[in-house]
Amino acid sequence: GKPKVRPPSKVDSLTFPVFGLTWYGAPSSPSNNDGCSVIAYCGGGGSAKTGVGNKIVVTVTSDNNNGVGNSSVDDAGGNNNTAQQQQQSSSPSTTRKILISTGEALCFGVHAFRPYNDSLNMVRLLACVGDDILLYGIPLSRKTTTNNNQNSEGD
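Residues numbered from 1 in each chain as written. Predicted model: local features only at pLDDT ≥ 70, side-chain atom pairs only at ≥ 80, totals over all residues. Heavy atoms only, no water.

**Remarks on the overall build of the chain**
What counts is decided by this rule: What counts as a helix is a DSSP run of H or I of at least four residues, what counts as a strand is a run of E of at least two, and both are numbered from the N terminus. For every residue, the accessible area (1.4 Å probe, protein chains only) is compared with the maximum for its type, and the residue is labelled buried under 20%, exposed over 50%, or partly exposed between those bounds. In short, Shrake-Rupley with a 1.4 Å probe defines the accessible areas, and a residue's cover is counted only from the protein chains shown.
Across its full length, the chain carries 0 helices and 9 strands. When the 155 residues of the chain are sorted by exposure, 37% land in the buried category. Of the roughly 9900 Å² of accessible surface on the chain, 50% is carried by carbon and sulfur atoms.

**Points about the sheet that holds strand E8 (residues 122-129)**
Inclusion rule: Two strands qualify as a pair provided DSSP detects at least 2 bridges between them. In this analysis an axis means a line fitted to C-alpha atoms, helices contributing only their contacting stretch, and an angle means the value between N-to-C directions, from 0 to 180 degrees.
Strand order in the open sheet formed by 3 strands is E7-E8-E9, and the pairing between neighbours is antiparallel. For this open sheet the edge positions go to strand E7 (107-113) and strand E9 (132-139), each flanked by a neighbour on one side alone. Taken pair by pair, the neighbouring strands of this sheet meet at an average axis angle of 20°, ignoring direction. Sheet topology places E7 next to E8; 6 bridges connect them, and they run antiparallel. For Ala-112, the partnering residue across the bridge sits in E8 and is Leu-125.

**What to know about the packing of aromatic side chains**
The test is simple: Note on aromatic pairs: the rings of Phe, Tyr and Trp (six-membered ring only in Trp) are paired at centre separations within 6.5 Å, and the planes decide the class, stacked below 30 degrees, edge-to-face beyond 60, tilted for the rest.
If you walk through the whole model with that rule in mind, you get 1 aromatic pair. Between Phe-16 and Tyr-41, the ring centres sit 5.9 Å apart and the planes meet at 25°, which makes this aromatic pair stacked. Taken together, the residues Phe-16 in the segment before strand E1 (18-26) and Tyr-41 in strand E2 (residues 36-43) connect sequence positions 25 residues apart. Both residues of the pair, Phe-16 and Tyr-41, belong to the buried class.

**Considerations on a nonpolar patch on the surface**
Here is the rule we go by: Residues with no salt bridge and a relative accessible area higher than 30% make up the patches, which join like charges within 9 Å and nonpolar side chains (Val, Leu, Ile, Met, Phe, Trp, Tyr) within 5 Å. Every case where a carboxyl oxygen of Asp or Glu lies within 4 Å of a side-chain nitrogen of Lys or Arg is listed as a salt bridge.
On the surface, a cluster of nonpolar side chains totalling about 350 Å² of accessible area is made up of Leu-21, Trp-23 and Ile-39. Relative to the assigned elements, Leu-21 resides in strand E1. By relative accessible area, which is 62% here, Leu-21 ends up exposed.

**Considerations on the nonpolar core**
As a reminder of what qualifies: We call a set of buried residues a nonpolar core when its members are Ala, Val, Leu, Ile, Met, Phe, Trp, Tyr or Cys and they connect through side-chain atoms within 4.5 Å of each other.
In this structure, Ile-56, Val-58, Val-110, Leu-125 and Tyr-136 are the most contacted members of the largest nonpolar core, which totals 22 residues. Counting only elements with at least two residues in this core, the list comes to E1, E2, strand E3 (55-63), strand E6 (93-101), E7, E8 and E9.

**Here's the deal with the pairing of E3**
In terms of strand pairing, E2 meets E3 through 8 bridges, oriented antiparallel. Residue pairing in the sheet places Cys-36 in a bridge with Ser-62 of E3. Note that E3 and E6 share 9 bridges and pair antiparallel. Each bridged residue has a counterpart across the sheet, and for Val-60 the counterpart in E6 is Arg-96.

Just distances and angles here, no functional claims.
Spelled out as structure tokens, the structure:
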């Protein structure tokens, strides 16, 4: 017989229309892998003055070596975003959410990938925003320090 479809194990409520979604995952075994899952989605209200902001939301879940996990929200340099700490829980992984405002421009497509020979410990995120294609470097852990400009206004 056919396998039964099970209900989702997690449901996230959305506050804006989503136009693009991507996922990148790497297992924690063999032992040289990080064990990470990155989900990114984008969308918003477009150029209409509806009050629905245009943004990219990135959720990064990384395996912990010490078994202590937490959850947080980071501002990635977007307009009027503030970093907020969410509740912490004990788990074998760490989850954090990164919010990137795209201002007046609508992001209508995203793609997450990781180069084969990655020494920066980042997932790259390509985003189609307005008439531009933007490349973001998303650190897999808070310990990673970068000089990347994550200003979503563009240059």
